[in-house]
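Residue strings, one per chain:
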Amino acid sequence: MKAKMPQYEYINLDSGWSDTCDRYGRWTYRQDLFPSGLKALADHCAKNGQKLGVYILPGIRQDAAEANLPIRGVSVCRLGDLCKQKKEGNAFKGATYMPDEHNGHVQAYYDSIAALFNEWGIGYVKVDGCGPNKDIQHPAPDTRKDLDMMHKAFARYHIWMELSWYLDPKYMDDWAALANGARVYTDIESYSARTMTSSHRVFQRMAPASMWTRLPQGFYVDLDVVLVGMTVEGRGCIDGLDNDDIRISYISFWALVSSVFCIGSDPRRIPDKYLSLLNHPAILEIHQSGIMAQPVGSGNAWVNRKQVWWKRLSAHRLCVGLFNAHVYPFMLGISHEVKVSFDSLGITEADIKDAWTGKHLGTFTGSFAAMLRPGQCQILLLTTR
């Protein structure tokens, strides 16, 4: 992993890592998958300069509550006493209970989970099933009180806390106070038996991303996993994307909005040409600015096929993304000229370089335009005087 993708920091385990709890009701690993334990795995990651991440849900595990297990360090009550009303604790029914009241005993439970994860060497926690969310099919209860307690517990050990999924931007300020980042839309996977996603699902992210442009510094949107170049032995590339124009646009948009950048495949199997896209130094620099881009005009790709997004990197340096979003669920559209007017950026003239190719395009006054194929983009670095 480190050799293939040297700047990527975390290696995260998704939901299948745990199917039970320990004697204090805390999430614990599957012995069949991790016979040496997670500390051994985290230590191995640390030798490569990386951190291990895990997946959990808010609330008190139902198996722990039903068994009325003790809370580590608490003698006056047990886990079953904290959730006698048995209210669902997250969007996935049957997994956790919401505490009847959020008191010091509940905080002690979350503190004990954080302490255990710290002992193992965990550096990242994805907390799924959070709410209020905007998923009509999978509505989540309001988990903000639990998340506040979890954040206090994990922050003590500098563990990154990521919220999921499709969270309601109406509560943006709350999410920013409760975590480091949040999923802002549904899964990007198409759940097809043949491929992982589609070109349409990539550009579908633009509209929800446009609702999060007033993010405070230090909090990041999560547009879901980057599946570019996902390859399976015997089947080849199964990412489901129509062509490399789409793949470059996929990576470019995630970099522009500084989305949490998670690779959903084995980097040892990703072809070198796609690894070079995922490791592109100029694009990673744009991403690592940590600044959320904003659209010029509507950020809804179905209403406005000629998407322009931009962000200021420094006093005299801007990044602008031009996207031809003329993409349908089962086909591509047509070419368009996509134009950015400089007055929408608050400038009049700029020296422009193509971020992907490194080519100097010249000095332009008033505007810049490019003819782009359907699904194609051009990422520009502008220097002003």
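Because the structure is a prediction, the values reported are computed rather than measured.

Novice: I keep staring at the layout of surface pockets and nothing clicks. Help me out?
Specialist: Empty space among the atoms becomes visible once a probe the size of a water molecule is rolled across them. Of the voids in this model, the second largest pocket is the one considered here, and its volume is about 190 Å³. Lining the second largest pocket are D245, I248, S249, D354, W356, T357, Q376, C377, Q378 and I379. Counting only elements with at least two residues in the lining of the second largest pocket, the list comes to α8 (244–256) and β21 (377–383).

Novice: I keep staring at the sheet that holds strand β14 (residues 294–295) and nothing clicks. Help me out?
Specialist: The pairing of strands in a sheet comes from backbone hydrogen bonds and takes either a parallel or an antiparallel form. Read from one edge to the other, the open sheet built from six strands follows the order β14-β15-β16-β21-β18-β19, with strand pairing classed as antiparallel. Either end of the sheet is taken by a strand with one partner, and the two such strands are β14 and β19 (360–365). In the packing of α8 onto the sheet, the strands contacted are β15 (306–314), β16 (317–324) and β21, and the crossing angle to β16 comes to about 140°.

Novice: Would you mind going over α8 with me for this structure?
Specialist: Side chains that are three or four residues apart share a direction in an α-helix, a result of its 3.6 residues per turn. Look at α8: 18 Å from first C-alpha to last across 13 residues, which is about the 18 Å you get at 1.5 Å a residue. Of all 13 residues that make up α8, eleven are buried, and the element is covered over most of its length. Within α8, burial applies to D245, I246, R247, S249, Y250, I251, S252, F253, W254, A255 and L256. By the N-cap criterion, in which a side-chain oxygen at the helix start approaches the backbone nitrogen of a residue two or three places on, α8 is capped by N243, the distance to D245 being 3.0 Å. Where α8 terminates, the next one or two residues include S258, which has phi positive at roughly 50°.

Novice: Would you take a moment to explain helix α4 (residues 144–155) for this structure?
Specialist: In this model, α4 (twelve residues) spans 16 Å end to end at C-alpha, consistent with the 16 Å of a helix rising 1.5 Å per residue. Taken together, the buried positions of α4 are occupied by D146, L147, M149, M150, A153 and F154. Buried residues of α4, viewed axially, fall in a sector of 160°; they line one side. Where α4 is buried, its residues meet β4 (51–56), β7 (96–98), α3 (104–120), β8 (122–127), β9 (160–163) and α5 (172–178).

Novice: I tried to follow the pairing of β9 on my own but got confused; where do I start?
Specialist: Walk down a regular strand and you will see the side chains alternate between the two sheet faces. One ladder, built from four bridges, connects β8 with β9; its direction is parallel. Within β9, the position partnered with K126 by the bridge is E162. Between β8 and its parallel partner β9, the chain crosses via α4, and the hand of that crossover is right-handed. Summarising the sheet, β9 and strand β10 (residues 181–183) pair through two bridges and their orientation is parallel. Counted as the bridge partner of E162 is G181 from β10. Between the parallel pair β9 and β10, the chain is carried across by α5, and the sense of this crossover is right-handed.

The rules behind each value
- Residues numbered from 1 in each chain as written.
- Predicted model: local features only at pLDDT ≥ 70, side-chain atom pairs only at ≥ 80, totals over all residues.
- Heavy atoms only, no water.
- 1 Å grid on protein atoms, 1.4 Å probe; cavity = no way out; pocket = protein on both sides within 12 Å on 5 of 7 lines; lining within 4 Å.
- Points joined across faces, edges and corners; volume = space filled by probe spheres on them.
- Helix = DSSP H or I, 4+ residues; strand = E, 2+ residues; numbered from the N terminus.
- Pairing = 2+ DSSP bridges.
- Contact = heavy atoms within 4.5 Å.
- Axes fitted to C-alpha atoms, helices over the stretch in contact; angles between N-to-C directions.
- Expected span 1.5 Å × (residues − 1).
- Buried < 20%, exposed > 50% of the residue type's maximum accessible area, 1.4 Å probe, protein only.
- Polar contact = N/O pair within 3.5 Å; in protein donor to acceptor, adjacent residues only side chain to side chain.
- Arc of directions from axis to C-beta.
- Right-handed = clockwise from strand over helix to strand, strands pointing away.

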